[in-house]
Amino acid sequence: MTRRRKRPDPRRAKVNFNYTVAEAAGVFGVCRGTVRNWIRAGLGTFRAGGMVLILGDELRAFHARRQAKRRVHCPPGSMFCMKCRAARLPPPGLVEVAGLTATTANLRGICPVCESLMHRRANRARMAEIGFGDLPPHAWPPAPS
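Here is what the cut-offs are and how they apply
Residues numbered from 1 in each chain as written. Predicted model: local features only at pLDDT ≥ 70, side-chain atom pairs only at ≥ 80, totals over all residues. Heavy atoms only, no water. Helix = DSSP H or I, 4+ residues; strand = E, 2+ residues; numbered from the N terminus. Buried < 20%, exposed > 50% of the residue type's maximum accessible area, 1.4 Å probe, protein only. Polar contact = N/O pair within 3.5 Å; in protein donor to acceptor, adjacent residues only side chain to side chain. Contact = heavy atoms within 4.5 Å. Salt bridge = Lys/Arg side-chain N within 4 Å of Asp/Glu carboxyl O. Pairing = 2+ DSSP bridges. Axes fitted to C-alpha atoms, helices over the stretch in contact; angles between N-to-C directions. Arc of directions from axis to C-beta.

(A) Fine view of the side chain of Arg-120. Tracing the backbone shows Arg-120 in strand E8 (residues 117-123). With relative accessibility at 15%, the residue Arg-120 sits in the buried group. Engagement of the side chain of Arg-120 in a polar contact is seen with the backbone oxygen of Ser-78, the distance being 2.8 Å. Excluding anything up to four places from it in sequence, Arg-120 contacts Cys-74, Pro-75, Gly-77, Ser-78, Met-79, Ala-105, Asn-106, Leu-107, Ile-130 and Phe-132.

Have a look at this one:
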């Protein structure tokens, strides 16, 4: 039995290969009905010898487009709330910094809507660019060695 992934990895499809519905289902570990739903959702196909075939590069591009639609961009000064699944501005003064390496850290804050934790990975050199340049220097813990 193959292990089913939550989201199909576009790189599993070989670009120079044509897949039948059953083969595409096997590659991504889903049932054939799911692949047919993808076709109804816009996955390009063609007919050859009475069979429905899917180009590998079309399969890869289809999943890449779907992943790009789900991606959430955090504007400057905002963090991603895991519960709301949206970018939100943290309340002023309630941002905590947890150092990871000499150049990166995790920022944590409280969501003003659902009051759960929000997160953002930050590069120490780009703090002003992502909207957190006003954090005092003592807020940065020493980088782990």
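After presenting the structure, the write-up continues.
(B) Spatial organisation of the pattern of salt bridges. A full pass over the atoms with the stated rule returns one salt bridge. The salt bridge partner of Arg-65 is Glu-58, with a shortest N-O separation of 3.5 Å. By relative accessible area, Glu-58 is classed as partly exposed at 22%.

(C) Structural detail: the sheet that holds strand E3 (residues 51-55). Overall, antiparallel pairing links the three strands, which are arranged E1-E3-E2 in an open sheet. Strand pairing shows two members of the sheet lacking a second neighbour, strand E1 (18-20) and strand E2 (46-48), which therefore form its edges. Here the strands of the sheet are splayed against their neighbours by 50 degrees on average, with no regard to which way each runs. With three bridges connecting them, E2 and E3 associate as antiparallel partners. Opposite Arg-47, over in E3, you have Val-52 as the bridge partner. Of the strands in this sheet, E1 and E3 touch helix H1 (residues 21-28), which is tilted by about 100 degrees from E1.

(D) Representation of H1. Considered for burial, the residues of H1 that qualify are Val-21, Ala-24, Ala-25 and Phe-28. Seen end-on, H1 carries its buried residues on one side only, within an arc spanning 100 degrees. As for H1, its buried residues are in contact with E1, helix H2 (32-40), E3 and helix H3 (56-70). Where H1 terminates, the next one or two residues include Gly-29, which has phi positive at roughly 70 degrees.

(E) Molecular detail of the pairing of E8. A one-sided burial pattern is seen for E8, the buried positions being Met-118, Arg-120 and Ala-122 and the unburied ones Leu-117, His-119, Arg-121 and Asn-123. Pairing analysis gives seven bridges linking strand E7 (residues 104-110) to E8, with the strands arranged antiparallel. Looking across to E8, one finds that Thr-104 is bridged to Asn-123.

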